[in-house]
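Results of the structural survey
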Amino acid sequence: MYSKVSTAPFNDFTKSNSLRTILFLAALLPQLAMLFVTQSWKSLAIILCAVLGCALSEADAIFKKQSRRLALSYSLFAGTLTGFFLPADYPPASVFFITFIFMYATRVVFGQTGVSWINPVALTVAAAWFMGRTSFGSFLIGGADLAAKNPSLALIDGAMLTNGVDEKITLFLNDNVFSLFGVSIPNGYVSLFWDTRAAVPAFRFAFWTMLSSLFLFAFDLKRPSASLCFLLAYFALVKFVSPLFTGAPPMGGDVLLAMLSSGLLFASVFLLQWPGTYPLSLPGKTAYALICSVIAFAFCGTGTSPAGAALTILFGNIISPALQAAENKSLKKKLSALLAAKLGEEAR
C-alpha cells in the first residue's frame, strides 16, 4: 500500500521529468498568446527577462547532459510564471537579476529543482515587490468603494470588448442560462473574464486560466481538490466575513472582484500545488488549502492586491512543513498498525 516513509518535515519528491514540465508550460500558452494578441510587449519583455534569469540560475544543470532537458523546460516554465506575476512597468534588467539571484538562492538554501520546500516563483515575486513596490502600485479599490454594491464594476472601465461582443454574449447568457436561476448579469463581466487589462498578466485572463486548469486536471497533472478547497474557502470569507470590515451589506462581499483580481485564481492553479511545498494526503491538502485561504484573505482582502497572491503562497509554504510532519507521523502510525496486524495474523 505504501512503499516509503520519510521522517523529513517535507515531501520526498524526485525531480519532475521534462515532459511533465513541458505540459505545464503548454497550459500557459493561451495566456501567452493573449499577450501577443493584445500587443502587451512590455509584459512579454518582462517574461523573457525572467526566463533568462531563471535559465542562468540553472546554468550548471543545463550544461550537464543528464539534466539538460529538465533544466531548460523548468527555466521556461518557472521563468514564465515569475514574469506573469510582475507588472509591465517593472524594470526589465531588475527582473533578470532578481530572478537569477532568488531562483539560485532557492536551490542553494531550500532544496534543488523539483524538491524545494519554498516555491521559487513566489519567493522571487515577493522579493521583487519588496524591492520595487512603486512599480506594483497599491490596492486598486479603496474602502469606500468596497462598501458599495458590486465594487467589481469599477474594473469594467476600459476593459470592455469591442464591436458589441460583450453585450451579445451577456444577452445570450442572461436569456439561456441565468434566467433559469432568476438572475442576470450586467454588461462588462464577460469582458472582465476575457481580459481585465491589469498591469500584472496573472490578473488578466480568467477565462483562459480556467481552461488551463481543466487541461491540467484532465491530464492528471494537478488534482482539483486543493485548488477548489482553497478558492471556495477564500470566496466564502470574502462573501460572509469581509462585510464586517468593509461596511458592505451582510453577505455582500463581492466574490467576482476576488476572482478577477489579485491573481489568486491563477495562483491556485499554477503555484498552490508546487512539488515539495504541500502535503500529499487528502486531510493534509485540505488543511493546507484552508490555511492558505485565511492567509489570502489577510493579504488580499476582497481583491486587487498587487502582490498578495505570491505572499499567500510563500507564507503557506512556511506553514506546510509542520503539516507534512504531522502527515508523516500519522502515516507511520498507520503503517505500524498494519504491520502489527499482519504479524498477529501470521502468528495465529
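Placed above this text is the structure.
These numbers were taken from a predicted model, which means no experiment stands behind them. (Residues numbered from 1 in each chain as written. Predicted model: local features only at pLDDT ≥ 70, side-chain atom pairs only at ≥ 80, totals over all residues. Heavy atoms only, no water.)

**Topic: the overall build of the protein chain**
The criterion, for reference: Working definition: helices are DSSP H or I runs of at least four residues, strands are E runs of at least two. Numbering for both runs from the N terminus. The contact criterion used throughout is that any non-hydrogen atoms of two residues lie within 4.5 Å. All accessibility values rest on the Shrake-Rupley procedure with a 1.4 Å probe; residue burial counts only the protein chains present in the view.
Scanning the protein chain from N- to C-terminus turns up 18 helices and 0 strands. Residue pairs in contact within the protein chain that sit at least 24 positions apart in sequence constitute 76% of those at least 6 positions apart. Split by element, the accessible area of the protein chain, about 16900 Å² in all, is 69% carbon and sulfur.

**A look at helix α1 (residues 18-26)**
Condition: Each residue gets one of three labels from its accessible area relative to the maximum for its type: buried under 20%, exposed over 50%, partly exposed in between, using a 1.4 Å probe on protein chains only. Along the arc lie the directions from the helix axis toward the C-beta atoms.
Where α1 is concerned, the buried positions are S18, T21, F24 and L25. Taken around the axis of α1, the buried residues stretch over an arc of 115 degrees, which confines them to a single face. In this structure, the buried residues of α1 make contact with α2 (29-37), α5 (68-84), α12 (206-218) and α16 (264-270).

**What to know about the nonpolar core**
To keep things clear, this is the line we draw: Throughout, nonpolar core names a set of buried Ala, Val, Leu, Ile, Met, Phe, Trp, Tyr and Cys residues whose side chains join them through atoms within 4.5 Å.
Residues L81, Y234 and F270 are the most contacted members of the largest nonpolar core, which totals 83 residues. Setting aside residues up to four positions removed in sequence, L81 forms contacts with L28, V121, F266, F270, L271 and W274.

**Here's the deal with the packing of aromatic side chains**
Test applied: When two rings of Phe, Tyr or Trp (its six-membered ring) have centres within 6.5 Å they constitute a pair, described as stacked for plane angles under 30 degrees, edge-to-face for angles over 60, and tilted for the intermediate range. Comment: the charge-over-ring label is applied if NZ (Lys) or CZ (Arg) is within 6 Å of the ring centre and within 35 degrees of the ring normal.
A full pass over the atoms with the stated rule returns 18 aromatic pairs. Here the aromatic rings of Y90 and F136 are separated by 5.8 Å at their centres, their planes lie at 75 degrees, and the arrangement is edge-to-face. Taken together, the residues span a long stretch of sequence, with Y90 in the loop between α5 and α6 (92-110) and F136 in helix α8 (residues 133-136) at a distance of 46 residues. For the pair Y90 and F136, one class covers both residues: buried. Ring geometry for F266 and F270: centres 4.8 Å apart, planes at 35 degrees, overall tilted. On the criterion of helical spacing, the pair formed by F266 and F270 is a turn pair, its members being 4 residues apart in helix α16. Every member of this aromatic cluster is reached through a ring pair, and the members are F84, F85, F266 and F270. The side chain of R133 reaches across the aromatic face of W129, ending 4.4 Å from its centre.

**Describing unusual backbone geometry**
Generally, phi is negative for residues other than glycine and the peptide bonds are trans, each holding for most cases. Non-glycine residue Q39 carries a positive phi angle of around 55 degrees. Assignment of secondary structure puts Q39 in the loop between α2 and α3 (41-57). Residue classification places Q39 among the exposed positions, given a relative accessible area of 56%.

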